[in-house]
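Secondary and tertiary structure notes
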Amino acid sequence: MDVGWVYTIQESMHAYAANVYTSVTEELSKAKDRRFIAVEQEFFRLWWDTVATDSHKRQVRQLVKEGRLEFIIGGQVMHDEAVTDLDDEILQMTEGHGFLYETFGVRPQFSWHVDPFGASATTPVLFALAGFNAHLISRIDYDLKDAMQKDKKLQFVWRGSPSLKEKQQIFTHTMDQFSYCTPSHLSFSNSSGFYWNGVALFPDPPKDGVYPNMSLPVTKETVHAYAKTMVDNIKQRAAWFRTNHVLWPWGCDKQFYNSSVQFNNMDPLMKYINENSKDLGLTVQYATLGEYFQAVYQSDLVWEQRGSEDFLPYSTEPQQAWTGFYASRNVLKGVARRASSKLHAAETLFTRYRISFPDGPVAKDWALDKLRALRWAVSEVQHHDGITGTESPKVSDMYLQHLTQGMMGVEELLAALFLLPHCLVLPSILDGSYRRKGVHQALEQHIIVYNPLAWNTTTIINVTVNFSNAAVFDDDGQPVPAQIQRSARSNSTHDLFVVVKLGGLQHRKYLIKFSEKKCSGRSKCVRTYRARGVSFERRNVRDWLRTGRRLLPVLNECYKLMFDQDTNLLHSITYLEDKRRVRMTQDFWEYHANGEVKKGPISDNYIFSANGSAVRAYKAVEMEIVPGKIETEIRQYFYREESDQDYAYSITTRVPECFGSRVRCHRLEQTYTLGPLLLNTEVVLRTSSSLNNNKTLYTDDNGYQMMKRTHRKFTNNTVARNYFPMVRAAYIQDDLTRLVLVSDRAHGVSSQSNGQLEVMLHRRLWNDLTWNLGYNLTLNDSSVVRPTLWMMLGSIGAMSKLYQREAIELQHRPVVMPIDQPQRSWQEKKPRASSPVPPVVLPPNLHLLSLSIPGWNYSSSHDVHLSHIHSGTDSHSEPDYDRVLLRIMHLFEEGEDPELSKPVTVNLKEVLQGIGEVKVLEERSLTGTWDVSSLQRWKWKTEDNLETKNKKCQSCGDEAFTVTVSPKEIRTFFVHFASRNF
C-alpha cells in the first residue's frame, strides 16, 4: 500500500487502507492457518490510533503473539533506495520499530523491499544493523534478472559494505520476473486474476461491497482452472531457485480491503490443490515471510556471496531507464533534506536542554509533540513514491505541507529553547543589557547561530538584511569580521556574510547594528567590508570565435580561478598546494524529451529517455564579480536568447577570501537558479575538465559509501542508463587529481565524456501516454529551483580527507535564527563574561549521527518488556524523557586514508561531559530495539566460510564508556545521564 503516490494518505485511508486492517484482522481470527504480512507502519498506525476498536486491538495483539500477523520491514514506509539519505532511512525505520516494539514487543527481522526502483548496497547493511535475518528485493535491471534466473542466482548473501564485509552480511532473495504480484491475466476470468476483491474504488468504497473487476469466484466449475494456473506458475518459479520451497506472493497494490472475499476463495483453492497434490506435484500453505525464510535457512545450503555492488540504475526494458526520478521534483527533494537537517538540530538542542534543565520552562510534552510531528513528516516522504518525485501533484503538495508544518513547529521549539529563561546559557540570552533613557540608538537585530554537529567549526553564514551598512558583534561585545553587499537574488536586499566560530553543539548570540549611512573612518563598521560588484559585458555564444585571450583571476589560499572575459565562463582552476592547473568550464545544457508516444520513447516522473544528445541551453552569458574580504562572489547569468531581458539560469560561486583565518578555503560554494523550464526539457549543469577520468565517476549510496560507476555502452539508451543517483557526493578523478561535488539534495549525475561531470538539476515534462495522463504523472513542474553544490579540487589524498565531512557540513549547516526584527535600541550593552555551554567534540573521522530523546517507553530488558505487554495492561504509557539515543558513525572506509581510516577509541563519558554526567551506556541495535548482547542473527553458510559475526558491546568496568569504532561502523547506544536538581 503506497503511503502517497496517486492519492493522498487521507484519500487512501478512506477508500481502502483502513478496510485492509479491519477486514484482515477479522478474517485471520476465523482460521488458524491464515497468515498476513504488514509492511509499512504509517497506514497501520493511523488505523490503530483512529479506526481500530478495542476488540480489533485485542485481536491484533493475539495474532501478532501467535505469529499469524507478521510485521516486516517495520519502518514508517518502504523507503526509496536511490535518493534517500542515510539519516532519514534510519529515522523512518526507528520510528516504525519503536512503535511496534513498544506496542507489541516485536522486532521485524525480514525486509520486503519489492517496489523501490533499484536496490542500494546501503540498505542491506542498515537492515543487518537493525537485526534483520534476511532481505528481499525485486526491482533490478531486467537483463540482469533474466541472467540470475537462468543461473539460479536470485538468492545470495550480500556483503553491502566493503569495510564491514561479513560482519553485516545478510541473505538476500530477489523476486523473479513476476515480481511481488501474482498473475492477473487469466483466460477464464478477468484482469484481476487471483484478486477476487477486484479493484479499489476512489474516492469512496462501494456501499454494496461490490468492487469493479472482481474475478470469478472459486467454484466447482472454476477451481481446476485456478489450480492449474497457480500450480503452473509455482513450478515455473521453482525452476529459478535452489530449494524446494517457493515463495508465491498473494497480494499486490491496493488489495485485501475486502479480505473475506479473498480468503473465502483462496481457502477452497488451496484445499483442492493439497487434496490433489499427487497429481499436481506440490502442496501449498499460507505462510509469513519469516516462515518462508526459516524454511530456506533450514535447507542448510551454501550460498554465493555478493560484494558491495548495488543494483542501480534500474531499467525495465532497453528504452526505459528509471533514472529520471533522481532529479524529479527538485523542490520537494530540497525541502525534505532541509526538514531533516532542522530536525537533527532540534533533536540535539532539546536533548541538551532536557538533560540540563529537566524542570525547565519548555514543556517536555509540547516539545516532544513538535519533534514527533516533524519525525513523522520526514519519515513519510522517504517513501519510494515520495522523495523520488514520482507522485501526482496533489500528493507532492501533501508531502510539502506536512514537511512545512513540521518545520514551523520545530522552529517554535528552537525559539523556545533559545529564548526562555533557564535555557542553556545563564543568564537568559536576552539579558546583559540595561536601559539608558534618552539615548536614541541605531537599528539593531539579534541572531542566534547554532552548530548542530559535534565538531568545532569556523565558517561563514549569510544573513539577508534590508540595509546597506551593518556592523556585527559577538556576545562579548567584540566586533566580528563581516561583509555586506547587494544580494544576488534581489536588488532590494543585501547579503551580510559573517565569520562565526562555534564549538560542537554550541550556539552563540550575535548583534547586528544597522546604519542608513555609510560607515566612515574608524566607526563601528570597521570590521565590516562593503563589497561592490563589477559587471562584464554580455557575451553571445555565436561570437566565441577566439577565447582565452583575456583571463581574469580570482584567488584565495587554496585556488586560483581564471574566468574568460571572452565567454564569461570559468576557464581553469589551479589548486595552489600542488600548483596543478586543471582546465574547467561550467554551463547549462538540456536534453529534449519526446512528448508523443507515437514518436518514440518518452521521459516522465520515473524514466529518462534522452531524445538525442544534450544541447547548449543558452545563447548569451553575463558576469558580475563582487570582490570581498570575507569572500568573493562570481555571478554568471545565462540567457536563452541574445535579446532576453531575464536570465534563464544562473551560477553564483562564493570563493572564501579569509586569508589567515580558520575558514576552509577549499570549499567553492555554488548556488544555481533554474526555471521555469521550457516544456519537455531536462537541464543539467555540465562541468567539463581536463581530467582524464575515462568517463568513470564515483557516486554515493545514500550518503554512506561511494560506488565506482564505469561508463557502459548499450545498444539503446546509453545516455540515460549511465545516469546514477547522487545523494550527497560525486567525483571524477585521474591519477593525480580529484574533482568533488557535494550536494544539498539528491540529483542524477553522469560522466558522458572524458573529464566531464554533469548533474541533472531540474526537469519539466509532459507526454500523452494514457497511463501517465490518467494518474497525472507527467511532471509538468514549472517551479524555480535553487539547489546548492559545493565544489572542491585537489590531490586524491587531500580530497579523501575532506569530502565526506564537507558533505555532512553542507547537510547540517549552522542554524541561523533571527530572534527579533531590526528596531531602535534604547539599550546599551553591559559588559559581562560570556558563558557558552561546553562543546561536544568528536574526532574528525567520527560523526554524531543521532542525539535525541525518542520518547518510546519500553524496558531495556526484552523479557521485562514482554511481561508488561502480556500482562494486559494497556498501553498509553507516558513517554520516556530520560533515555537518550546516541549514534556514532565512522566516516571512512578501510584503507581510504592512512590515518583517518584507523579504528577510533573514544570515552563517551568524556565526550558527553559537556552535556551532563553519563551514568549508564547500553549498546543497542541500529533502531534501538535489541540489546546487542542478545542479538543473534542467523549465520548463513557462504562459499568462503566466513560467518556473520554477532558483535558484542566492547565495554566493561570503568571502561564501560570506552568504545572503539571501526571503519564504516555505526554504533548505537542508549545513554542515561545523572539527574540534575536545581
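Rules behind the numbers
Residues numbered from 1 in each chain as written. Predicted model: local features only at pLDDT ≥ 70, side-chain atom pairs only at ≥ 80, totals over all residues. Heavy atoms only, no water. UniProt positions renumbered as here; feature names shortened; annotations may be inferred. Domains from an automatic or database assignment. Buried area = accessible area lost by both parts, 1.4 Å probe. Salt bridge = Lys/Arg side-chain N within 4 Å of Asp/Glu carboxyl O. Polar contact = N/O pair within 3.5 Å; in protein donor to acceptor, adjacent residues only side chain to side chain. 1 Å grid on protein atoms, 1.4 Å probe; cavity = no way out; pocket = protein on both sides within 12 Å on 5 of 7 lines; lining within 4 Å. Points joined across faces, edges and corners; volume = space filled by probe spheres on them. Helix = DSSP H or I, 4+ residues; strand = E, 2+ residues; numbered from the N terminus. Nonpolar A, V, L, I, M, F, W, Y, C, P; charged D, E, K, R; others polar. Pairing = 2+ DSSP bridges. Buried < 20%, exposed > 50% of the residue type's maximum accessible area, 1.4 Å probe, protein only. Contact = heavy atoms within 4.5 Å. Axes fitted to C-alpha atoms, helices over the stretch in contact; angles between N-to-C directions. Parallel < 35°, antiparallel > 145°, perpendicular 65-115°, else oblique. Left-handed = near helix turned anticlockwise from the far one by under 90°. Phe/Tyr/Trp six-rings, centres within 6.5 Å; stacked < 30°, edge-to-face > 60°. Patch = residues over 30% accessible without salt bridge, like charges linked within 9 Å, V, L, I, M, F, W, Y side chains within 5 Å. Areas by Shrake-Rupley, 256 points an atom, 1.4 Å probe, with all protein chains shown as cover.

Named according to an unreviewed UniProt entry, the protein chain is Alpha-mannosidase originating from Collichthys lucidus. Per UniProt, the protein chain carries the Catalytic activity (unreviewed entry) text "Hydrolysis of terminal, non-reducing alpha-D-mannose residues in alpha-D-mannosides." In its Sequence similarities (unreviewed entry) section, the UniProt record describing the protein chain reads: "Belongs to the glycosyl hydrolase 38 family."

This part is about the domain arrangement of the protein chain. In terms of domain boundaries, the protein chain breaks down into domain 1 (330-421) and domain 2 (586-799). The straight-line distance from the C-alpha centre of domain 1 to that of domain 2 is 29 Å. When domain 1 packs against domain 2, close to 1,000 Å² is buried across both sides, 47% of that on carbon and sulfur atoms. Among the residues domain 1 hides against domain 2, the three largest losses belong to Asn330, Arg337 and Thr390. Together they make up 54% of the total. Applying the counting rule to domain 1 against domain 2 returns 0 salt bridges. In this assembly, domain 1 and domain 2 are joined by 5 residue pairs in polar contact (both at pLDDT 80 or more).

What follows is about empty space enclosed by the protein. If you walk through the whole model with that rule in mind, you get 9 cavities of 30 Å³ or more. Of the pockets and cavities examined, the largest cavity occupies roughly 300 Å³. Lining the largest cavity are 21 residues; nearest its centre among them are Leu91, Leu343, Glu347, Ser850 and Arg887. Listed by contribution, the elements that provide at least two residues to the lining of the largest cavity are helix H4 (86-104), helix H11 (330-356), helix H12 (364-380), strand S40 (846-852) and strand S41 (884-890). Here the lining of the largest cavity takes 6 residues from H4, the largest share from any one element. Its residues assigned to classes, the lining of the largest cavity comprises 8 nonpolar, 7 polar and 6 charged.

Right, let's get into the sheet that holds strand S3 (residues 134-137). What the 4 strands build is an open sheet, ordered S3-S5-S4-S7; its pairing is mixed. Both edges of this open sheet fall to S3 and strand S7 (305-306), since each of them pairs with a single strand only. Here strand S4 (residues 155-158) runs beside S7; their pairing, made up of 2 bridges, is parallel. From the neighbouring strand, Trp158 faces S7, where its bridge partner is Arg306.

For the rest of this paragraph, the subject is the environment of Thr388. Along the polypeptide, Thr388 turns up in the loop between H12 and helix H13 (393-419). The exposure class of Thr388 is buried, given its relative accessible area of 0%. Not counting residues within four places of it along the chain, the set of residues in contact with Thr388 comprises Asp80, Val83, Phe117, Phe325, Ser328, Lys333 and His383.

The next point concerns the side chain of Thr172. Inspection of the secondary structure assignment puts Thr172 in strand S5 (residues 170-174). Judged by relative accessible area, Thr172 falls into the buried class, the value being 0%. Beyond its immediate sequence surroundings of up to four residues, Thr172 is in contact with His135, Ile137, Leu154, Gln155, Phe156 and Trp158.

In the contact formed by H11 and H12, the axes pass within 10 Å of each other and the chain directions differ by 155°. The angle between the axes of H11 and H12 places the two elements in the roughly antiparallel class. In terms of crossing hand, the pair formed by H11 and H12 is left-handed. Residues Ala339, Ser340, Leu343, Ala346, Glu347, Phe350 and Arg354 of H11 lie in contact with H12, whose contacting residues are Lys364, Ala367, Leu371, Leu374, Arg375 and Val378. Residue composition of the contact of H11 with H12, grouped by class: 8 nonpolar, 1 polar and 4 charged.

Scanning the entire structure with this criterion turns up 64 aromatic pairs. With centroids separated by 5.5 Å and ring planes inclined at 55°, the aromatic side chains of Tyr292 and Phe293 adopt a geometry described as tilted. Between Tyr637 and Tyr647 the ring centres are 4.8 Å apart and the planes differ by 45°, which places this aromatic pair in the tilted class. Taken as a pair, Tyr637 in strand S25 (residues 631-639) and Tyr647 in the loop between S25 and strand S26 (649-656) lie far apart in primary sequence, 10 residues in all. For Tyr637, a relative accessible area of 12% translates into the label buried.

Residues Leu679, Trp766 and Leu773 make up a contiguous nonpolar surface patch of about 270 Å² in total accessible area. Among the secondary structure elements, Trp766 is positioned in the loop between strand S35 (756-764) and helix H15 (770-775). Residue class for Trp766 comes out partly exposed when judged on its relative accessible area of 35%.

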